[in-house]
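Per-entry structural report
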Amino acid sequence: MSEVLTQYKNFTNWLQQLKQIPEEYWLEPIKDGKWSVGEIIAHIKAWDVFVWDERVACFVSGSQIPAKNVNVPEINSNAANEARSGISKNQLLDEVIECRQVVAKRLGEVPSSVWQEKIEMGSKMITLCEYISGLVEHDEHHRAQIEEFLAIKGIDVLKQEV
């Protein structure tokens, strides 16, 4: 549990480094038909908010995650629109970092016993630890995409381990 929470929280160190990206690359799609770095970062924030607002309480209460339709395209579209709304790179990064720190702090306050209790999510049983571990994997997927894009642009400032 503590290792997963540490990984989840420490993603903010890497996010902080993104402030070094030249503005010209912030909203450039990382590949044809893909989001930009800014849109990916706004997407991460949107899902952190969703996880806290819609998922963690179910784990804490031990109740089943409700089978309600999550409008993934809408959440992602709203996030992409936020990144393109005129918000500055540093302001968006500061908001994402703060959001992640708040969620990580709140997750750290969840009793350790809750982290290992399985609850029903769709057709499977999952623990909070497994769920947050999945978010860490999601972070790493996007981190790899962004770092690959930046490497193509000749930017290696993010290659250092955080």
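Reference entry: report on the structure contained in this document. (Residues numbered from 1 in each chain as written. Predicted model: local features only at pLDDT ≥ 70, side-chain atom pairs only at ≥ 80, totals over all residues. Heavy atoms only, no water.)

1. Details of the overall build of the chain
Of the regular secondary structure elements, the chain holds seven helices and two strands. Ordered by position from N to C terminus, the α and β elements of the chain give α-α-α-α-α-α-β-β-α. Since a compact globule built from 162 residues should have a radius of gyration of about 15 Å, the 16 Å found for the chain is in line with a globular shape. With the C-alpha coordinates aligned to their principal axes, the bounding extent of the chain is approximately 45 × 30 × 25 Å. The buried share among the 162 residues of the chain stands at 44%. (Helix = DSSP H or I, 4+ residues; strand = E, 2+ residues; numbered from the N terminus. Rg over C-alpha atoms; globule rule 2.2 N^0.38 Å. Buried < 20%, exposed > 50% of the residue type's maximum accessible area, 1.4 Å probe, protein only.)

2. Focus on the nonpolar core
In terms of nonpolar packing, the biggest core is built from 28 residues, with Leu15, Leu18, Val37, Ile41 and Ile146 touching the most fellow members. Of all the elements, helix H3 (residues 37-61) adds the most residues to this core, at eight residues. Excluding residues that lie within four positions of it along the chain, Ile41 makes contacts with Trp14, Leu15, Leu18, Trp26, Leu93, Val96 and Ile146. Judged by nonpolar contacts, the second largest core, of 23 residues, contains Ala104, Val114, Trp115 and Val136. (Core = buried A, V, L, I, M, F, W, Y, C linked by side-chain atoms within 4.5 Å. Contact = heavy atoms within 4.5 Å.)

3. Details of the packing of aromatic side chains
As enumerated under the stated definition, the model contains four aromatic pairs in all. Measuring from centroid to centroid gives 5.2 Å for Phe11 and Trp14, while their planes differ by 35 degrees, and the two rings are tilted. Residue Phe11 and its partner Trp14 are both found in helix H1 (residues 2-17); the two are separated by three residues, about one turn of the helix. Residue Phe11 is classed as buried on the basis of its relative accessible area, which comes to 2%. (Phe/Tyr/Trp six-rings, centres within 6.5 Å; stacked < 30°, edge-to-face > 60°.)

4. A closer look at the pairing of strand S1 (residues 118-121)
The pairing of S1 with strand S2 (residues 124-127) spans four bridges and is classified as antiparallel. Bridged to Lys118 within S2 is Thr127. Hairpin geometry of S1 and S2 is characterised by an intervening segment of two residues between the two adjacent antiparallel strands and by a positive phi of about 65 degrees at Gly122. (Pairing = 2+ DSSP bridges.)

5. Observations regarding the state of the cysteines
Going through the model one piece at a time under the given rule, you end up with zero disulfides. Considering cysteine sulfurs only, Cys58 is the nearest to Cys99, which forms no disulfide, with 18 Å between them. (Disulfide = S-S within 2.5 Å.)

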